[in-house]
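Here is what each chain is made of, one letter per residue.
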Amino acid sequence: MAALHLTKENFKEEVLDSKVPVLVDFWATWCGPCQMVGPVIEEIAGEVTDAKICKVDVDENQELAKEYKVMSIPTLMVFKNGEVVKRDVGAKPKEEILEMLK
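First, a word on what this report is: a plain description of the structure on this page.

How each quantity is defined
- Residues numbered from 1 in each chain as written.
- Predicted model: local features only at pLDDT ≥ 70, side-chain atom pairs only at ≥ 80, totals over all residues.
- Heavy atoms only, no water.
- Helix = DSSP H or I, 4+ residues; strand = E, 2+ residues; numbered from the N terminus.
- Areas by Shrake-Rupley, 256 points an atom, 1.4 Å probe, with all protein chains shown as cover.
- Lys, Arg positive; Asp, Glu negative; His and termini not counted.
- Charge placed at Lys NZ, Arg CZ, Asp CG, Glu CD.
- Disulfide = S-S within 2.5 Å.
- Buried < 20%, exposed > 50% of the residue type's maximum accessible area, 1.4 Å probe, protein only.

## Some points on the overall build of the protein chain
Phase 1: Check the secondary structure of the protein chain and you find four helices and five strands.
Phase 2: Overall, the protein chain shows an N-to-C arrangement of helices and strands of β-α-β-α-β-α-β-β-α.
Phase 3: For the protein chain, the C-alpha atoms occupy an extent of roughly 30 × 30 × 20 Å along the three principal directions.
Phase 4: Accessible surface computed for the protein chain: about 5700 Å², of which carbon and sulfur atoms make up 55%.
Phase 5: Within the protein chain, one finds 13 positive and 19 negative side-chain charges whose respective centroids are separated by 5 Å.

Printed below as a string of structure tokens:
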């Protein structure tokens, strides 16, 4: 399954109300490191069955980026029960991203 693209309209339902952990990639089209992480996020989305894998385009969703204090991208966050439990900034290898979900 492809990574789910989030907006302010579906963020609460898909992330905050989720019964499973949610990995959110805050990214932008012009960001080089984001372009490196993007295919990895999509690959993980196709493999992981016990969590949601999502993306937020910070240019299109500035309110969400501001609310979660995203200062640099890519920023990866893991939400559990509506709360941020892990946060990391910068391009990461697949293994490190998967480790965040544990």
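## So, the state of the cysteines
Phase 1: Scanning all chains against the criterion turns up one disulfide.
Phase 2: A disulfide bridge connects Cys31 with Cys34, and the sulfur atoms are separated by 2.4 Å. The disulfide joining Cys31 to Cys34 has a torsion of about 75 degrees about its S-S bond and is therefore right-handed.
Phase 3: Classification of Cys31 as buried rests on a relative accessible area of 5%.
Phase 4: By relative accessible area, Cys34 is classed as buried at 2%.

## Points about the environment of Pro39
Phase 1: Secondary-structure assignment places Pro39 in helix 2 (residues 32–47).
Phase 2: Taking relative accessible area as the criterion, Pro39 reaches 51% and is therefore assigned exposed.
Phase 3: It is 9.9 Å that separates the C-alpha atoms of Pro39 and Lys94, two residues lying 55 residues apart in sequence.

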